[in-house]
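Results of the structural survey
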Amino acid sequence: MNDLVHHEQLSGPRGERVLVRRSARRRRTVSITRRDGDIVVAIPASFSARQERDWARKMVDQMVAREARSTPARRSDAELMRMAREVSEAHLGGRAHPASVTWSTRQNTRWGSCTPADGTIRLSHHLQGMPDYVVRSVMMHELVHLLVPGHGPEFKALMAAYPQAEKAQGFLDGVSWAKNMPPLDGDDVEETAGES
């Protein structure tokens with residue numbers, strides 16, 4: 001009875017499949033979670049087809065609303081360039097002058113990269129929605145690379161000018177560690193079927 005069934009009339013906010021799991025052990029609660037790129041809605045086995053459809057839609061709508069509230073608006077590339085100028089001015093005396101700063105969907109194993117020869121900086125799209133001080137720290141790191149190759153003493157001295165660099169690195173280390181961890185069962189969102 002715990003088999004997952006694809007709910008074909010509904011998809012997630014990013015086009016994910018919505019799978020429904022009927023459970024004989026559930027009596028009144030409905031839950032939703034993300035698993036392996038899909039959205040899983042768990043419902044009581046006693047639900048009718050109509051209740052299944054209504055609850056699946058309600059739970060997906062709630063998930064979309066919750067995620068929209070918790071995800072800040074995406075900064076544009078123009079805003080990233082403004083940020084680069086601000087960070088350079090505030091912490092490097094305005095010495096770093098990138099030619100361009102853009103988001104990159106190809107940065108999946110690094111937070112950012114820089115090509116000093118042409119002055120381009122690319123930040124991983126995974127930084128979108130992270131705290132400002134974290135994005136600024138990665139920006140600072142790449143700006144320093146416009147001035148200094150490698151990560152030697154001169155690089156470290158310039159990086160030390162950004163006061164939240166260590167805090168930001170701790171945040172990024174935590175994110176990297178968490179990405180390799182399985183989701184906790186407590187991350188599910190659950191609602192009682194009798195509630196609206």
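Residues numbered from 1 in each chain as written. Predicted model: local features only at pLDDT ≥ 70, side-chain atom pairs only at ≥ 80, totals over all residues. Heavy atoms only, no water.

1. Here we look at helix 2 (residues 77-92)
With 16 residues, helix 2 ought to run about 22 Å at 1.5 Å a step, and its terminal C-alpha atoms sit 21 Å apart, in line with that. Inspection of helix 2 places Leu80, Met81, Met83, Ala84, Val87, Ser88 and Leu92 among the buried residues, and these make up the whole buried set. Buried residues along helix 2 cover an arc of 160° about the axis, so they all sit on one side. Among the exposed residues of helix 2, those pointing more than 90 degrees away from its buried face are Arg85, Glu89 and Ala90. Buried residues belonging to helix 2 abut strand 5 (100-104), strand 7 (120-124), helix 3 (132-147) and helix 4 (153-159). Immediately beyond the C-terminal end of helix 2, within one or two residues, lies glycine 93, with a positive phi of roughly 65°. (Helix = DSSP H or I, 4+ residues; strand = E, 2+ residues; numbered from the N terminus. Expected span 1.5 Å × (residues − 1). Buried < 20%, exposed > 50% of the residue type's maximum accessible area, 1.4 Å probe, protein only. Arc of directions from axis to C-beta. Contact = heavy atoms within 4.5 Å.)

2. A short note on unusual backbone geometry
Its identity is not glycine, yet aspartate 36 carries a phi of approximately 50°, on the positive side. Inspection of the secondary structure assignment puts aspartate 36 in the loop between strand 3 (29-35) and strand 4 (38-44).

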